[in-house]
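Examination of the molecular architecture
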Amino acid sequence: MTRVTLSRNLAMWSTALAVAGLALLPAIASAQSPAEPTAKDFQRLVDEAYAKFKDVTEGANANYIPILDTVPSELFGVAIATRDGKVYAAGEQDYRFSIQSVSKPFTAALVMNQQGPQAIREKIGVEPTGLAFNSKLALEIYPDRSVNPLVNAGAIAAVSLVQAASEDERWKLIHDNLQGFAGGELPVLEEVYTSEYETCWGNRGIANLLYNYGRLYSDPEEALRVYTRQCSVGVNTHDLAVMGATLANGGVNPLTGRRMMPAEHVPELLAIMATAGFYDESGEWMYSAGLPSKTGVGGGIVAVVPGRFAIAAFSPRLNEAGNSVRAMRAISFIAGELGVGLYGPNTGE
Ligand code: GLN
């Protein structure tokens, strides 16, 4: 083969490869940015999830906070909020339940805003515990005591880490931050606050132990009061979906346009939600739904599809790990149908 034919052959091959490459491009592009489901798809899926799981009666209301046992167990709502501020809903949307631990990542965001993500890593931690959300054992077996801002110890530490000159200011900053993520006013459910504060001996123990180990950054009882109040904030399914959509939208609330956190810190927050948002059931949840999420013993769960939308659901009956049975099923069903798991289309099973 002469030099000329060789180079002609090479030229032919490279043209052929380029054409093949071009043919592949749309497939690659669409794998990277899948077409967004239509309004119809979203509405159909929340309706289907509601119908499919409304008769599930497994689990039981939280009762270690006495008032939570009185919330009607049959309540069930599902909502999707997109990054352009549209909300698709089925079932109960108005009932305001206590946000509980779903508040935790948002206060972590506030600490990140004030002091950067290093403060979370160094002063609280970013590791999953593998232990229950209210574990005291974790405080003893981990050298840094608190492990992440989504279990009670780390969440109480996060409240104490918020820079404020007084208890009142600490609360206002935290409350305003939650309202900013939700894009509207959120009441405090005073009955929930009283019921929990009167019975929170475990959390008081945690706060005092953290203080003892130099891992709580305010007066322990102040941190405990503000933390309990934060958990008593009332949200409905719609509010939760918008809070998640704010994270899906790079930290900007899609309803109000208010920036709640810098876009570059959203992935760090979502990483903690992926590894610890479901406590000692986080691995199981990533396996079935594949989405960074946060649950609360009030029965709410919010899951984030980064850069796209959020799926929220609420129903009071919880499993052993303290996660709402119907909300989990509804969200992993929708995530499965849409194939939006972070690591590839999850089956939702
Ligand atoms: N306020 C609750 C507690 O501290 C929050 C727990 C939760 O939602 N998992 O026990």
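This section reports on the structure supplied with the text.

Scoring rules and cut-offs
- Numbering of residues starts from 1 in every chain and runs along the sequence as written.
- Reporting in this predicted model follows two pLDDT cut-offs: at least 70 for local features of residues, and 80 or more for side-chain atom pairs to be given and counted; totals over whole chains, interfaces and linings ignore these cut-offs and use all residues.
- Where side-chain values are given, they derive from all heavy atoms of the structure, hydrogens and water being excluded.
- The way it works is that DSSP assigns letters per residue, a run of H or I at least four long becomes a helix, a run of E at least two long becomes a strand, and they are numbered from the N terminus.
- Burial status follows relative accessibility: with a 1.4 Å probe on protein chains alone, a residue under 20% of its type maximum counts as buried, one over 50% as exposed, and anything between as partly exposed.
- Contacts are residue-level and defined by heavy atoms, with any inter-residue pair within 4.5 Å sufficient.
- Residues belong to a common nonpolar core when they are buried Ala, Val, Leu, Ile, Met, Phe, Trp, Tyr or Cys residues joined through side-chain atoms within 4.5 Å.
- In this description, strands pair whenever DSSP reports at least two bridges between them.
- Helix axes use the C-alpha atoms of the stretch in contact, all axes being lines fitted to C-alpha atoms, and the angles between their N-to-C directions lie in the range 0 to 180 degrees.
- Oblique is the label for any angle not covered by the other classes, which are roughly parallel (under 35 degrees), roughly antiparallel (over 145) and roughly perpendicular (65 to 115).
- Here a crossing is called left-handed whenever its near helix is offset anticlockwise from the far helix by less than a right angle, and right-handed whenever the offset is clockwise.
- Amino acids are sorted into nonpolar (Ala, Val, Leu, Ile, Met, Phe, Trp, Tyr, Cys and Pro), charged (Asp, Glu, Lys and Arg) and polar (every other residue, Gly among them).
- We call a residue near a molecule or strand when any one of its heavy atoms sits within 4 Å of it.
- Definition of a polar contact: a pair of N or O atoms within 3.5 Å, with one able to donate and the other able to accept a hydrogen when the atoms are protein atoms, and with sequence-neighbouring residues admitted only if both atoms are side-chain atoms.

1. So, the side chain of Ser-160
Relative to the assigned elements, Ser-160 resides in helix H6 (residues 152–161). Note on Ser-160: relative accessible area 2%, which makes it buried.

2. Considerations on the environment of Gly-154
Mapped onto the fold, Gly-154 is located in helix H6. With relative accessibility at 0%, the residue Gly-154 sits in the buried group. Along the primary structure Gly-154 and Ile-124 are separated by 30 residues, whereas in three dimensions their C-alpha atoms are 5.8 Å apart. Among residues more than four places away in sequence, those in contact with Gly-154 are Ile-124, Ser-146, Asn-148 and Pro-149.

3. Observations regarding the nonpolar core
The biggest cluster of nonpolar side chains holds 65 residues, and the ones touching the most others in it are Ile-156, Ile-174, Leu-178, Phe-181, Met-243, Leu-247 and Met-261. If near-sequence neighbours (up to four positions away) are discounted, Ile-156 is found in contact with Asn-203, Ile-206, Ala-207, Leu-216, Ala-223, Leu-224 and Tyr-227. By size, the runner-up hydrophobic cluster in this structure holds 30 residues, among which are Phe-53, Tyr-88, Ala-327 and Met-328.

4. Digging into the pairing of strand E2 (residues 87–91)
As paired elements, strand E1 (residues 77–82) and E2 share 5 bridges and run antiparallel to each other. Residue pairing across strands places Gly-77 opposite Gly-91, the latter belonging to E2. Hairpin connection of E1 to E2: 4 residues between the antiparallel strands, including Gly-85 at a positive phi of 85°.

5. So, the packing of helix H7 (residues 167–182) against helix H10 (residues 220–231)
Contact geometry of H7 with H10 gives a least axis separation of 10 Å together with a crossing angle of 25°. With respect to their mutual orientation, H7 and H10 come out roughly parallel. Seen from above, H7 lies across H10 with right-handed handedness. Packed against H7, whose contacting residues are Glu-167, Arg-170, Trp-171, Ile-174 and Leu-178, the element H10 presents Glu-222, Arg-225, Val-226, Arg-229 and Gln-230 at the interface. A per-class count over the contact of H7 with H10 returns 4 nonpolar, 1 polar and 5 charged.

6. Description of the site of the ligand
In the neighbourhood of the ligand, the contacting residues comprise Tyr-64, Gln-100, Ser-101, Phe-133, Asn-152, Glu-196, Asn-203, Tyr-227, Cys-231, Tyr-279, Gly-296 and Val-297. Within the side chain of Gln-100, a nitrogen or oxygen atom sits 2.6 Å from a nitrogen atom of the ligand. Between the ligand and Asn-203 there is a distance of 2.8 Å, counted from an oxygen atom to a side-chain nitrogen or oxygen. Across the shell around the ligand, the residue classes break down as 6 nonpolar, 5 polar and 1 charged.

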